[in-house]
Amino acid sequence: LQPVIERLRAEGERLAESETTLRTELAALEREIAAYNEAAGALTEAARQHRARCPRESDDSKLIEECNASGAGLMDRHAVLEQQRGELGERQQALNQRIDRHNADRIAWHADKRDNGPRIDTNESDANRWVESARGFMLSDGFAALTTQADSPAPCTGLRPSESSAYHGTQGLKSLHA
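A brief look at the structure comes next. No experiment lies behind these values; they were computed from the predicted model shown.

### Thoughts on the overall build of the protein
So, point 1. Looking only at helices and strands, one finds 5 helices and 0 strands in the protein.
So, point 2. Order of helices (α) and strands (β) in the protein, N terminus to C terminus: α-α-α-α-α.
So, point 3. Here the protein holds 178 residues, and 22% of them are scored as buried.
So, point 4. Restricting to contacts in the protein with at least 6 residues of sequence separation, those with at least 24 account for 76%.
So, point 5. Working note: accessible area of the protein is about 12500 Å², and carbon and sulfur atoms make up 53% of it.

The following block contains the structure:
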């Protein structure tokens, strides 16, 4: 079960990192879209003012020149905004696809975790029972006598059975077998 546990842990960490990155990218994109919308609103207002200030026909050549220059400027701003809109749309679509892929991966990970959870919990519970039983034996007078009789072998002298946090579950089992 250790490879399954490790795979689930690694995938969980990867998903957490991915989610943080996606949230950061989404917030940045939302700020850019808000700035675009603000610029588009300002352009709409400028165009409205332009229409109010500039008549369709006029005999005033200076007014016509000013209106033509103002209109050209508005058209340039519109072209820039249209390009930004396209770029923002593409980025938004790509980000949405990555979010959808991330969500599908997270659902699969949860299903895998749910499917393997009972086996992992049982394994951990069995390991806890075995480690507690081993700790009880290591704290016994019989184990002390056997250790003394065997001239205190190095693996036995490194054991710390009185430290309850030293051995717990599968990690404790690994420590006892090391």
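Next comes the rest of the account.
### Things to note about helix 1 (residues 2-53)
So, point 1. Counted at 1.5 Å a residue, the expected span for helix 1 with its 52 residues is 76 Å, and the 76 Å between its end C-alpha atoms agrees.
So, point 2. Val4, Leu8, Gly12, Leu15, Leu22, Leu29, Tyr36, Leu43, Ala46, Ala47 and His50 are the residues of helix 1 that are buried.

### Quick look at the nonpolar core
So, point 1. Core analysis: the biggest nonpolar cluster contains 11 residues, these being Leu22, Leu29, Tyr36, Leu43, Ala46, Ala47, Leu74, Leu81, Leu88, Leu95 and Ile99.
So, point 2. Counting residues per element, the ones that place at least two in this core are helix 1 and helix 2 (61-138).
So, point 3. Of the residues forming this core, the biggest block, 6 residues, is contributed by helix 1.
So, point 4. Excluding residues within four positions of it along the chain, Leu22 makes contact with Leu95, Arg98, Ile99 and His102.

### Details of the state of the cysteines
So, point 1. Tallied over the full model, the rule gives 1 disulfide.
So, point 2. Two residues, Cys54 and Cys67, share a disulfide whose sulfurs are 1.9 Å apart. Given an S-S torsion of about -95°, the disulfide between Cys54 and Cys67 has left-handed geometry. Within this pair, whereas Cys54 is found in the loop between helix 1 and helix 2, its partner Cys67 is found in helix 2, the two being separated by 13 residues in sequence.
So, point 3. The exposure class assigned to Cys54 is buried, which follows from its relative accessible area of 11%.
So, point 4. The class of Cys67 is buried, set by a relative accessible area of 10%.

Calculation criteria
- Each chain carries its own residue numbering, running from 1 in the direction its sequence is written.
- Selection of residues for local features in this predicted model requires a pLDDT of at least 70, selection of side-chain atom pairs for listing and counting requires 80 or more, and totals for whole chains, interfaces and linings are taken over all residues.
- Note: side-chain values were computed over all heavy atoms of the structure, leaving out hydrogens and water.
- Here a helix means four or more residues in a row that DSSP labels H or I, a strand means two or more in a row labelled E, and each is numbered from the N terminus.
- Only protein chains enter the accessibility calculation, which uses a 1.4 Å probe. A residue is then buried if its area is under 20% of the maximum for its type, exposed if over 50%, and partly exposed in between.
- By definition in these notes, contact holds between two residues if any of their heavy atoms fall within 4.5 Å.
- All accessible areas in this document rest on Shrake-Rupley with a 1.4 Å probe, and a residue is counted as covered only by the protein chains that are shown.
- One fewer than the residue count of a helix, multiplied by 1.5 Å, yields its expected span.
- Residues belong to one nonpolar core when they are buried, are Ala, Val, Leu, Ile, Met, Phe, Trp, Tyr or Cys, and are joined through side-chain atoms within 4.5 Å.
- Any two cysteine sulfur atoms lying within 2.5 Å of each other are counted as a disulfide.

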